[in-house]
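Architecture at a glance
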Amino acid sequence: DDPARPRSGSHRGEARIYPASVIKLFYLEAAHRWMEEGKIEDTGELRRALRDMIVDSSNDATHYVVDLLTGTTGGPELTPAEMAVWEEKRNAVNRYFASRGFTSINVNQKPWCEGPYGRERAFVGQDYTNRNALTTDATARLLTEIVTGRGVTAEGSGQMLELMKRDPFSPVKDPDDQSHGFTGPALAPGTKLWSKAGWTSQTRHDAAYLELPSGRRLILVIFTVAHADERGIIPAAARSILKNLK
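Here we summarise the structure given alongside this text. (Residues numbered from 1 in each chain as written. Predicted model: local features only at pLDDT ≥ 70, side-chain atom pairs only at ≥ 80, totals over all residues. Heavy atoms only, no water.)

Here we take up unusual backbone geometry. A negative phi angle is the norm for most residues apart from glycine, just as the trans form is the norm for most peptide bonds. Backbone geometry places Ala 20, a non-glycine residue, at a positive phi of 50°. Mapped onto the fold, Ala 20 is located in the segment before helix H1 (23-37). Under the relative-accessibility criterion, Ala 20 is labelled buried at 10%. Of note, Ser 104 is a non-glycine position whose phi angle comes to about 60°, a positive value. Since its relative accessible area comes to 33%, Ser 104 is described here as partly exposed. (Helix = DSSP H or I, 4+ residues; strand = E, 2+ residues; numbered from the N terminus. Buried < 20%, exposed > 50% of the residue type's maximum accessible area, 1.4 Å probe, protein only.)

Structure (structure tokens):
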């Protein structure tokens, strides 16, 4: 397909869903954009954290990246005045994506760091009203921009894709089993896969870019709710979509 005029379709694409590890793609893109703009320094430690955040789905690395992007740290509760300043800083990534027209998303929480103590717990809210949230449409747009080099430079896009490269046909595993536990089992031999997948106690998600043996290129984003234990649900959905491609 022509990358300048991609065809798209979605089912419940604007539904807000807790995004598991897919949220890390948004932190990755923001970090690359801000490095290119000189807002943050491109250091070996940051590159190591970005690698661990995407390749191994490390939450510790993600916490480092979020702190660097926003100038915030976790810790004990703050006074109301101090908390207001902290919250303004923590919403920096949200403001960036809002300025680019992304809607119905929330990208200001550290994964697996919503409490139960201190400023992180206060920030997410007693009813978790401020939890991270994504939509499949927003995620598909972000991944399309990464693949086509529209969000950052072509060099930066290439670096991001290198971190997302998966081999669904080898036994190599990572903590989230991103190569084999999500879209990977649905792929025909010879398909190339770039992906950021993840799961929580309630969700299983995958945001994948595929290059099919036919040469066709495809962005495939699948979010599920209440199917965390069903390892076959994303491969089944992917098979259905790939089977019906015209």
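For the rest of this paragraph, the subject is the packing of helix H2 (residues 44-55) against helix H3 (residues 59-70). In contact at an axis separation of 8 Å, H2 and H3 are set at 130° when each is read in the N-to-C sense. In terms of orientation, H2 and H3 fall into the oblique class. Between H2 and H3 lies a crossing of left-handed hand. The segment H2 lies against H3, with Glu 45, Leu 46, Ala 49, Leu 50, Asp 52 and Met 53 engaging Ala 61, Thr 62, Tyr 64, Val 65 and Leu 68. Across the contact of H2 with H3, the residue classes tally to 8 nonpolar, 1 polar and 2 charged. (Axes fitted to C-alpha atoms, helices over the stretch in contact; angles between N-to-C directions. Parallel < 35°, antiparallel > 145°, perpendicular 65-115°, else oblique. Left-handed = near helix turned anticlockwise from the far one by under 90°. Contact = heavy atoms within 4.5 Å. Nonpolar A, V, L, I, M, F, W, Y, C, P; charged D, E, K, R; others polar.)

Our next topic: the nonpolar core. Core analysis: the largest hydrophobic core is formed by 44 residues, its most contacted members being Tyr 27, Leu 50, Leu 69, Phe 97 and Val 107. Sorting the residues of this core by element identifies H1, H2, H3, helix H5 (92-99), helix H7 (136-148), helix H8 (154-164), strand E3 (203-211) and strand E4 (217-225) as the ones contributing at least two each. Here this core takes 9 residues from H1, the largest share from any one element. Once residues lying within four places of it in the same chain are set aside, the contact partners of Tyr 27 are Met 53, Thr 62, Val 65, Val 66, Leu 69, Val 93, Val 107, Asn 108, Gln 109, Pro 111 and Asn 132. Counting residues in each nonpolar core, the second largest holds 14 residues, with Leu 193, Leu 212, Ile 234 and Leu 242 among its members. (Core = buried A, V, L, I, M, F, W, Y, C linked by side-chain atoms within 4.5 Å.)

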